[in-house]
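Topology and contacts: notes
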Amino acid sequence: MWYVIEGYDGQDVLAARIAARPTHLARLQALQEQGRLLLAGPCPAIDSEDPGPAGFSGSVVIAGFDSLAAAREWADADPYVAAGVYVRTEVRPFRKVLP
């Protein structure tokens, strides 16, 4: 089943986000290679494709897991959590309808 994982950035965490990004992306690439990643990306903190020093307000991942518990476990192990980038994460089931 698909699950949406939303991570919410804290204040002034852009440097920590940049430092943790390679390991964060490696986990997403592993999901993609397994055919389990529907989409992933950051949410700019301002209305701009490149927010620059304004940074990001968080990220969204939609990926396939065997259960809600497995999705939460994966989200809790995110490098952005360990680095203090995300101050909270939410995980919930997702049903793809379109496209």
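Residues numbered from 1 in each chain as written. Predicted model: local features only at pLDDT ≥ 70, side-chain atom pairs only at ≥ 80, totals over all residues. Heavy atoms only, no water.

We apply this condition: UniProt positions are given in the numbering used here, feature names are shortened, and annotations may be inferred rather than shown by experiment.
Taking an unreviewed UniProt entry as the reference, the protein is identified by name as YciI family protein belonging to Stenotrophomonas lacuserhaii. Among the UniProt annotations of the protein, the heading Sequence similarities (unreviewed entry) holds the following wording: "Belongs to the YciI family."

1. As for the packing of aromatic side chains
For clarity, the threshold we go by: Under the pairing criterion, centres of Phe, Tyr and Trp rings, with the six-membered ring standing for Trp, must be within 6.5 Å; the plane angle then separates stacked pairs below 30 degrees from edge-to-face pairs above 60, leaving the rest tilted. The buried label applies to any residue whose accessible area, calculated with a 1.4 Å probe on protein chains only, is under 20% of its type's maximum; exposed applies above 50%, and partly exposed to all values in between.
Tallying each qualifying case throughout the model produces 3 aromatic pairs. Aromatic pair Phe65 and Trp74: ring centres 5.8 Å apart, planes at 50°, arrangement tilted. Take Phe65: its relative accessible area is 6%, and that puts it in the buried class. Here the aromatic cluster, defined as three or more aromatic residues joined through ring pairs, consists of Tyr3, Phe65 and Trp74.

2. Concerning the nonpolar core
We count it as follows: In this text, buried Ala, Val, Leu, Ile, Met, Phe, Trp, Tyr and Cys residues form a nonpolar core when linked through side-chain atoms within 4.5 Å. We count a stretch as a helix when DSSP gives it H or I for four or more residues in a row; a strand needs E for two or more, and each element gets its number in order from the N terminus. Contacts are residue-level and defined by heavy atoms, with any inter-residue pair within 4.5 Å sufficient.
In this structure, Tyr3, Ile5, Leu28, Leu31, Val61, Ala63, Phe65, Ala71, Trp74, Ala75 and Val91 together form the largest nonpolar core, which totals 11 residues. Tallying contributions element by element places helix H2 (residues 68-76) first for this core, with 3 residues. When sequence neighbours within four positions are dropped, the list of residues in contact with Ile5 reads Ser59, Val60, Val61, Phe65, Ala71, Trp74, Ala75, Glu90 and Val91. Counting residues in each nonpolar core, the second largest holds 5 residues, with Val13, Ala20, Tyr80 and Val85 among its members.

3. What about the UniProt feature "domain: YCII-related" (unreviewed entry) in the protein?
Here the UniProt feature "domain: YCII-related" (unreviewed entry) sits at residues 1-95. Between the end C-alpha atoms of residues 1-95 the distance is 8 Å, and the span holds 35% helix and 36% strand.

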